[in-house]
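For reference, the chains in residue letters:
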Amino acid sequence: MLNKNKYNFDEKINRKGTNCAKYDGLKRYFGYEDLNPLWVADMDFKTPSFINDEIIKAAKNSTYGYSIDSDALYQSIISWQDKRHNWKIQQEDIYMINGVVPAYSACIEAYSDINDEVIVQTPVYPPLFKCIKANNRKVVINELKEENGYYTMDLKDLKSKITDKTKILCLCSPHNPVGRVWDKEELEELAEICIENNIMIVSDEIHSDVTFKKFTPLASISEKIANITITLNSAGKTFNIAGLNCAYAISKNKKILDKFKIIAQKREIHSINFFGYISTKAAYEDGAEFVDELKKYLQENILFTKSYLLKNCPNITFMLPEATYLLWLNFKMTSLKHEEIKNRLLTKSKVALNDGVSFSSNAKSYFRLNVALSKDALEEALADISKSFQ
Ligand SMILES: Cc1ncc(COP(=O)(O)O)c(C=O)c1O
């Protein structure tokens, strides 16, 4: 039968020895070299040719001097946000930066003072904690509520944590690692609390394109909400170009964006890799079909993982994510201690998964599994994981 798909996600690619953190960083980050890397959020799929061809074309010119943004780049972002998420933005709302994490850190400095409080909704993407602490601000935890594996926001707890010193709430939308795509109503309720209490929202929407239900950009909901929001995004996760260091901040509130620009310029995070501009523009101009096919493949991998574990290792459970290729695996039914689970994964299964405790000190017995790899490779990995938890 003819393969009707344009992109071949079944192709195995060799990433070892390419200065790739996911593979070549195993010894450094996990202590062992011979692990199957199923951790950091990048995909074992080739970056699509409509991006790669542009990179090669540019490289053929054999010059890599300083680069500059173009109107066409902004247009590609504007058009992508409109077509994919029905969000209308303009060029003056956007500011290019070299990564979402550097932008997080700049936001903390821009919108709060030393010893102020910044709220995070745990379990959450770990670099956030570091960004807040390194800027000498206090991390305030608003833990998500979990019921039968499904996570929701605990707004009662959130209200109880707000003080005069609370200046920022960091929203992860969609949420890494619990895989939620927040509903419009949930976002409205959250924003209402922030508006009432003069709290800025930094909305990290880097996973917004790999979503399996309708995604609502926070700032698209209303003018009132846009007025307290800065959104951070990048094509890095969706198109496997995270190593090219190109991201962007969006705010419709000029004062908010201007404050951000001042700090971004002070920290020199606004000058972007030569290939960053090229790849981001190509991704957003030509990437719609790729993303649609990618999402289908990932959904199949997710469902395959669900049925595989149910059949072969029902002690490991997870809730089907509404976004991302990251599964928040729950090992509680193994009745093993966290350190023992970790030890078995590393020394018996020989796989590298992200440790749940790095996302929240309360996430013992959780590990994050990346399923953005070929189906065959995924099946092998699941067999290796399962054999240690029978
Ligand atoms: C929620 C979230 N934000 C930010 C990042 C990293 O963004 P960047 O590579 O642009 O710094 C990641 C990477 O995994 C992520 O999952």
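Whatever comes next refers back to the structure up there.
Being a predicted model, the structure only gives us computed values, none of them experimental.

### With respect to the sheet that holds strand β4 (residues 138–141)
The strand order across the open sheet formed by seven strands is β2-β10-β9-β8-β7-β3-β4, and the pairing between neighbours is mixed. Pairing within the sheet leaves two strands with one partner each, and these edge strands are β2 (94–97) and β4. This sheet shows a mean twist of 25° between the axes of neighbouring strands, independent of strand direction. Where strand β3 (residues 117–120) and strand β7 (residues 166–172) come together, four bridges link them in parallel fashion. Residue pairing in the sheet places Ile-119 in a bridge with Leu-169 of β7. Here helix α4 (residues 71–85) sits on the sheet and contacts β2, β9 (229–233) and β10 (247–250); the angle it forms with β2, its principal contact strand, is near 115°.

### A few points about the site of the ligand
Taken together, Ala-41, Gly-99, Val-100, Val-101, Tyr-125, Cys-172, Asn-176, Asp-204, Ile-206, His-207 and Lys-237 make up the full set of residues adjacent to the ligand. The backbone of Val-101 places a nitrogen or oxygen atom 3.0 Å from an oxygen atom of the ligand. A class-by-class count of the residues in the shell around the ligand yields six nonpolar, three polar and two charged.

### Points about the layout of surface pockets
Rolled over the atoms, a probe sized like a water molecule indicates the empty space that remains. Considering only enclosed or pocket space, the second largest pocket measures out at about 250 Å³ in volume. Looking at the second largest pocket, it is lined by 13 residues, and the ones nearest its centre are Asn-198, Ile-199, Met-200, Ile-228 and Ile-256. Looking at the lining of the second largest pocket, the elements with two or more residues in it are α8 (184–196) and α11 (254–266). For the lining of the second largest pocket, the element with the highest residue contribution is α11, accounting for three residues. A class-by-class count of the residues in the lining of the second largest pocket yields seven nonpolar, three polar and three charged.

### Notes on the side chain of Ser-112
Following the sequence through the fold, Ser-112 ends up in the loop between α5 (100–111) and β3. Classification of Ser-112 by relative accessible area gives buried; the value is 5%. There is a polar contact of 2.6 Å between the side chain of Ser-112 and the backbone oxygen of Ile-108. In this structure, Ser-112 is in contact with Arg-137, Lys-167 and Ile-168, ignoring residues within four places of it in sequence.

### Thoughts on empty space enclosed by the protein
Considering all chains together, one arrives at one cavity of 30 Å³ or more under this definition. Put simply, the largest cavity is a space of about 50 Å³. Contributing to the lining of the largest cavity are Gly-149, Tyr-150, Tyr-151, Val-178, Gly-179, Arg-180, Met-319, Leu-320, Pro-321 and Glu-322. Residue composition of the lining of the largest cavity, grouped by class: six nonpolar, two polar and two charged.

### Here's the deal with unusual backbone geometry
Residues apart from glycine generally show negative phi values, whereas peptide bonds are mostly found in trans. In this structure, the amide linkage connecting Ser-173 to the following residue, Pro-174, adopts the cis form with an omega of -5°. Residue placement: Pro-174 occurs in the loop between β7 and α8. A cis amide bond links Asn-176 with the next residue in sequence, Pro-177, at an omega value of 20°. Along the chain, the position of Pro-177 falls in the loop between β7 and α8. Despite not being glycine, Ser-335 shows a phi value in the positive range, around 60°. Mapped onto the elements of the fold, Ser-335 is located in the loop between β11 (326–330) and α14 (338–349).

### Some thoughts on the packing of α5 against helix α6 (residues 127–134)
Put simply, α5 and α6 touch, their axes get as near as 9 Å, and they point 35° apart. In this structure, the crossing between α5 and α6 has a hand that is right-handed. Across the interface between the two elements, Val-101, Tyr-104, Ser-105 and Ile-108 of α5 pack against Pro-127, Leu-128, Cys-131 and Ile-132 of α6. Split by residue class, the contact of α5 with α6 holds seven nonpolar, one polar and no charged.

### Here's the deal with α6
Residues Leu-128, Phe-129, Cys-131 and Ile-132 constitute the buried set of α6. Buried residues of α6, viewed axially, fall in a sector of 165°; they line one side. Pointing more than 90 degrees away from the buried face of α6 are the exposed residues Lys-130, Lys-133 and Ala-134. The elements touched by buried residues of α6 are α5, β3, β4 and β7.

The rules behind the values
Residues numbered from 1 in each chain as written. Predicted model: local features only at pLDDT ≥ 70, side-chain atom pairs only at ≥ 80, totals over all residues. Heavy atoms only, no water. Pairing = 2+ DSSP bridges. Helix = DSSP H or I, 4+ residues; strand = E, 2+ residues; numbered from the N terminus. Axes fitted to C-alpha atoms, helices over the stretch in contact; angles between N-to-C directions. Contact = heavy atoms within 4.5 Å. Near = heavy atom within 4 Å. Polar contact = N/O pair within 3.5 Å; in protein donor to acceptor, adjacent residues only side chain to side chain. Nonpolar A, V, L, I, M, F, W, Y, C, P; charged D, E, K, R; others polar. 1 Å grid on protein atoms, 1.4 Å probe; cavity = no way out; pocket = protein on both sides within 12 Å on 5 of 7 lines; lining within 4 Å. Points joined across faces, edges and corners; volume = space filled by probe spheres on them. Buried < 20%, exposed > 50% of the residue type's maximum accessible area, 1.4 Å probe, protein only. Left-handed = near helix turned anticlockwise from the far one by under 90°. Arc of directions from axis to C-beta.

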